[in-house]
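Breakdown of the fold
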Amino acid sequence: MQFFGGSEISPSPPVPTATGNNAHMMYVFNRNGVCLLYKEWNRPLHTLNPQQDHKLMFGLLFSLKSLTAKMDPINADKGNLGVPQLPGQGCSFHSFRTNTYKLSFMETPSGIKIILVTHPKTGDLRESLKYIYGLYVEYVVKNPIYSPGSPIKSELFNTALDQYDCRYIRFWSSVAIAPRQGFIYRRRYTLRAIESQHCVFHYLRGESSQRDVSNCPYPRMIFPHEI
Amino acid sequence: MAAIYSLYIINKSGGLIFYKDCGTKGRMDTNDSLRVASLWHSMHAISQQLSPVNGCSGIELLQADTFDLHCFQSLPGTKFFVVCEPGTPHMESLLRYIYELYTDFVLKNPFYEIEMPIRCELFDINLTLAVQSDRVALLGR
């Protein structure tokens, strides 16, 4: 993993799981429910508009945490259902799985919630979430211009996330999908873009991602050397 | 040996129709179990809305720090979910077996009103037998 500032981010990126992860989207919320970051890599179905989607996601997680704290079979002393819990208080869930996706969740003591939605056969992503939190601390919290509680606009953070995902989280189409905002890339990457009806497909062509592309077992939409 | 803490059955409107608690410390009173069941019913429905692809049928497994929750939804919409120790194997097949017991001893019972709380002795007996089989063990007994 190449870091622009030269500082080492600990822990080092976890080894990819054998089943292969496919990241659909990622959310980062703060303790008040403000969506600090929403990244989408592969989302064919949009049921709601973005604001409602964020609110629904936050509400679902809040209620699920309340449910797991109440249902905890080990601790005898539990609060009433619906009482807001402090981060870390009470039993919390770390993932749930449906037939079409798996949602992995991590809450830090400061109330920052990181959510990754991936393919249902994905393994345990707790280490990945901790790593992403490490990236958040390095690129967002330590940024003096960033004001806490506002949406994250750090390009270094976005690039680091894409870099991490290119290497360790494989995609359906083996091409990185980014929303329609421009990215500023370092000179080590060349940018290829293919327009589609939903978003612009950016392919980050670099040393690490080229290896992953050739190993990707999923049906390919397009390969950069075919362009 | 795997351990089951509790079993819930929810009707298609979200009301709790059966609750069996095998744990010792985590016992809930009736009101709380009703609330938890309704909450689960809503969460199950909301999780379908947040799916990135089509065809989502709701939460099948919830993994928490101290327990796992396996949920099975039958075609009519009745949900069976079991709270067990983390990493317990064969919960899905146990849930399907409980569904078979439900159809045999509850639905085929002519005195049972559909969607009402289950009060069928044979269902309770067979359920206890299934849960006490050599695959799984009741906690605290």
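Above this text you will find the structure in question.
For every chain, the first residue of its written sequence is number 1, and the numbers climb from 1 along that sequence. Just so you know, chain letters begin at A and ligand numbers begin at 1, following the order they were written in. At least 70 in pLDDT is required for a residue's local features to be given in this predicted model, at least 80 for side-chain atom pairs to be given and counted, and no such filter applies to totals for whole chains, interfaces and linings, which use all residues. Only hydrogens and water are removed before side-chain values are computed, so all heavy atoms of the structure are retained for them.

**Points about the overall build of chain A**
- A tally of helices and strands in chain A yields 4 helices and 8 strands.
- If you list the helices and strands of chain A from N to C, you get β-β-α-β-β-β-α-α-β-β-β-α.
- For this analysis, residues touch if any pair of their heavy atoms sits within 4.5 Å. A sequence separation of at least 24 residues applies to 56% of the contacts in chain A between residues at least 6 apart.
- Computed with a 1.4 Å probe, the accessible areas rest on the Shrake-Rupley method; for each residue, only the protein chains presented here act as cover. Only carbon and sulfur atoms are counted for the fraction: they give 53% of the accessible area of chain A, which is about 11,100 Å². Numbering of helices and strands starts at the N terminus; helices are DSSP runs of H or I of at least 4 residues and strands are runs of E of at least 2.

**Overview of the packing of aromatic side chains**
Residue and element names in this part refer to chain A.
- For Phe, Tyr and Trp, where Trp contributes only its six-membered ring, two rings pair if their centres lie within 6.5 Å, and the inter-plane angle classes them as stacked under 30 degrees, edge-to-face over 60, or tilted in between. Under the definition given, this model contains 18 aromatic pairs over all chains.
- Seen from their ring centres, Tyr131 and Tyr164 are 4.7 Å apart, and the 45° between their planes marks the pair as tilted. With Tyr131 in helix α2 (residues 126–141) and Tyr164 in helix α3 (residues 155–168), this residue pair connects regions lying 33 residues apart in the sequence.
- Three labels apply to residues, based on accessible area from a 1.4 Å probe with only protein chains included: buried if under 20% of the type maximum, exposed if over 50%, partly exposed otherwise in between. Classification of Tyr164 by relative accessible area gives buried; the value is 1%.
- Between Tyr136 and Phe157, the aromatic rings sit 6.4 Å apart at their centres with planes inclined by 70°, giving edge-to-face as the arrangement. On the criterion of sequence distance, the pair formed by Tyr136 in helix α2 and Phe157 in helix α3 is long-range, its members being 21 residues apart.
- The exposure class of Phe157 is buried, given its relative accessible area of 0%.
- Taken together through their ring pairs, the aromatic side chains of Tyr27, Phe29, Tyr38 and Phe58 make up a single cluster.

These results come straight from atomic positions and should not be treated as a statement about function.
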